[in-house]
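Working through the structure, step by step
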Amino acid sequence: MMRLGLLVPIAAMVASAPAWGATAAEAEHIRLSEEMRKLATRNAWRGVEASYQKMLELEKKGVTLSAEDHLLGVQAARQLGSVYDVYLRLQAANTVAPSPDLQGQIANIEANYGLVKLDVDDKFKGEFPFKPERMPMDPFKRTAIETAQKQVAEQRKFIGMLPHGRYTLGPQTFDISKDDAERVEVYLGPVKKNKGGKGDPMAVRERKGPRVDMGPLYTIMGSTDIETTALSSGGPGGSAATVSSSSSIGGRVGGGYEFFLTKGWSLALQGGWHGGFAGSTDANDDLVSASVQESASLGFWSVYGWVAPTWYYDDLAITVGPTYSFVHVTSEAEDVSQGALEGNLTCGGAAISVFYGLFDTPLLSNSRSGFSAAAGVFASRSMMTFPWAQVAFTIAPEG
Amino acid sequence: MPMLSSALLVGALPALAAEVSVTEKGHASNPTWSADGAQLAFEINDYSGNISLFAARVQNGNPVGAPSKAKLAGAESSFGGSGSVAANASWLNDGMMFEGSTAGGAMRLYFWSPGGSMAGEFLKSNQIGGDLTWPAAAPNGAALAFVSDATGKGDIYVWDANTNEVTRMLESPFTEAAPRYDAAGNTLAFSRKNQGGEDLFTVSGGGATPLIGGQGDQTRPVYTPAGSIVYFTSERGDGHWDIAVSSGPGKKKILAKDVRLPVRAPPAMSPDGQWVAYGSDLPDKANYIYFTKVDGSATVKVDTKLVAAGEPALVTSGGRTFLAFTALPDAGADWRQLHIVDISGKGPQ
């Protein structure tokens, strides 16, 4: 038998675990702060940036960064050419320790820079050098532009802040000015759109391409009556079952295509398989020939079709629309002589999916891969309902 | 431009003068206005090897708040070398260009937008090596001329805003300095050390064209809007500095004699380019700031009631004309101080 004296320090350790964790995070914060300052004195700004990123991770563990931490992050971002990060970090510093100087710097960025998204479609075949009409003398503005030039050349994309002025991206000339209320978006693509036949032709990215969702599924089966047929040879020829409050774990796999509608909108058509296993019934009642209650397990599968408009913005896409499913349900009867009961349903429903693309899909142009959260419900005419939720790996067109 | 007699100006201005002060000890020097007159750059030189650059916000001729000091990014925010030097500001549309010392003691060019950010190095050493000095921006912002001693002597280079590239302007065995663009940004005037003294030249793409030579030094040229060049000359020798104007090669006219040579600045021109301002090196005239028309037709003066007044700088803002200058408060004072005075309707516009 363990002596009580041994339990005391163990109990103390368990009780103090959160505090210990916080102390360790604080200690790491102090270490990173010192490291960041040393790196800054050597103008090792990539190192400062790396330390600042580690500090941001510590924020999730409850560490509060000081204004000085954020300001070193500001200097690193400024040296590395990311004005948008400078802007965000100045705001963070001003939140911790508000000052007229910080507010002046924030106002200075707002007065001299604008948000911009540059996007060169993989299918765009021409040259696409990104150039300012005139390079500013301010070295920080130049660094911001040079950073964007590098990203456009290497990744065909840039999202961030650039100094006000006139620029060209390939054949397109555009302005970033203080009058821009929204982000300036410039897209080079193979398709030219001319709005209403007026103005200059404008290339708009046509979000289109294959869409695939696959992932685990949780489904709840609501109460209803279903018509059943016995699978065993000795069973009755027909029956009805009442099912209530059953749940299942399964999977959902869908494939289809998204068609471009207009800027910001596309239409997804998808079909797939949706199945659940290891469910259990709370009640089951054969209304025709025999009582079948409290069956031990329940399964179902369905094939579905989904027609859904998609709203997208960058890597975020929200798809919502009606579904139509053919559902096959299997239930074991408590009365063994009746064997398993199974039934078919046709269900209408709806589904919503929120997708965020994280990386370019390998071997597929203009496609992003990431994760989505989806939910929906389908129901039979007899109101047997199947609410469900899913977390899925998703491949979708680039928005 | 309406002219006032010097009698009206004498004694009228000191009461209106505002002093721009900082806590650092040293000579205030080289005041330089931003084009809109909203900011005034100046240096504090402690004469121990340290020169700090400041910018004061100015409203209606009065400094607003404490002047801000040019600093570098990083924990070591001061300029390095055996001394810390940040000097010779030249205003652009959105900030200023100036010379600053590095930790290794080299002089490089820096850009600073007061109130917006820390100062940043304008050109990296992989773009152009050597000590970089004498920054001069083209009026349209399309280029910046400067001097580099990368070859062992001073050569004029130009950074092109359209290409983001640096090219050497002239191939010569001489040391060049003090480049300045004309109003169109097409031609540079500069000084070249040859035959012992400095002479003035111009260049607009090809070779250099001699402008003014002769005895002593001819230096720090600055263009007027009409295209003539105003400069300092020591042709009389014995430490006498005069201001002259040249309307073309070999043509010169002395505008003022025995002027107080500013620490770094070229002759101070009025915003309309019609007048040149200066202090006198003569003891009995050292309390005045003088204004002489570039055509030589008139001279007026203002009595600062101070000692050794000099380094004038003029700007027009909100329909008013302001004069900044440095002076000693009295003969026994340790440090020169910076003053601003409103001379609207009382002198050069």
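Preceding block: the structure.
Here goes a summary of the coordinates provided. Note that the structure is a prediction, hence the values are computed from the model and not measured.

1. Topic: the sheet that holds strand β15 (residues 188-194) of chain B
Strands belonging to one sheet form pairs held by backbone hydrogen bonds; the direction of such a pair is parallel or antiparallel. Residue and element names in this part refer to chain B. Across the sheet, four strands lie side by side as β14-β15-β16-β17; this open sheet has antiparallel pairing. The open sheet has two edge strands with one neighbour each: β14 (175-181) and β17 (209-212). Each strand axis lies, on average, 35° off the axis of its neighbour in the sheet, ignoring direction. Both β15 and strand β16 (residues 197-203) contribute to a ladder of seven bridges, which runs antiparallel. Residue pairing across strands places F190 opposite F201, the latter belonging to β16.

2. Here we look at the sheet that holds strand β12 (residues 155-160) of chain B
All names here are of chain B. Pairing is antiparallel across the open sheet formed by four strands, whose spatial order is β10-β11-β12-β13. Each end of this open sheet is capped by a strand with a single partner; those strands are β10 (132-137) and β13 (165-168). Ignoring strand direction, the axes of neighbouring strands in this sheet form an average angle of 25°. Summarising the sheet, β12 and β13 pair through four bridges and their orientation is antiparallel. Each residue of the ladder has a partner; that of D160, found in β13, is E165.

3. Thoughts on the interface of chain A and chain B
Taken residue by residue, the interface counts 22 residues in chain A and 29 residues in chain B. Interface area for chain A against chain B, summed over the two sides, is near 1,900 Å², with a carbon-plus-sulfur share of 54%. Three residues stand out in chain A for area buried against chain B, namely R134, M137 and R142 of chain A, and they jointly supply 35% of the buried area on that side. Viewed at the interface, chain B and chain A are joined by one salt bridge. Among the salt bridges present, the one from K141 of chain A reaches D94 of chain B, with a minimum N-O distance of 2.8 Å. Where the side of chain A that touches chain B is concerned, the elements lending two or more residues are α2 (17-41), α4 (67-80), α6 (100-112) and α7 (139-155) of chain A. The leading source of residues in the side of chain A that touches chain B is α7 of chain A, at five residues.

4. Digging into α6 of chain A
Between its first and last C-alpha, α6 of chain A extends 18 Å over 13 residues, near the 18 Å set by a 1.5 Å rise per residue. Buried positions along α6 of chain A lie against α4, α5 (83-96), β1 (113-120) and β3 (157-163) of chain A.

5. Describing the side chain of H27 of chain B
Residue and element names in this part refer to chain B. Position of H27 relative to the elements: it lies in strand β2 (residues 27-33). Judged by its relative accessible area of 17%, H27 is buried. Within polar-contact distance, the side chain of H27 engages the backbone nitrogen of R336 at 2.7 Å. Non-local contacts of H27, meaning those with residues more than four positions away in its chain, are made with E43, I44, N45, Y47, L328, D334, W335 and R336.

Calculation criteria
- Residues numbered from 1 in each chain as written.
- Chains lettered and ligands numbered in written order.
- Predicted model: local features only at pLDDT ≥ 70, side-chain atom pairs only at ≥ 80, totals over all residues.
- Heavy atoms only, no water.
- Pairing = 2+ DSSP bridges.
- Helix = DSSP H or I, 4+ residues; strand = E, 2+ residues; numbered from the N terminus.
- Axes fitted to C-alpha atoms, helices over the stretch in contact; angles between N-to-C directions.
- Contact = heavy atoms within 4.5 Å.
- Buried area = accessible area lost by both parts, 1.4 Å probe.
- Salt bridge = Lys/Arg side-chain N within 4 Å of Asp/Glu carboxyl O.
- Expected span 1.5 Å × (residues − 1).
- Buried < 20%, exposed > 50% of the residue type's maximum accessible area, 1.4 Å probe, protein only.
- Polar contact = N/O pair within 3.5 Å; in protein donor to acceptor, adjacent residues only side chain to side chain.

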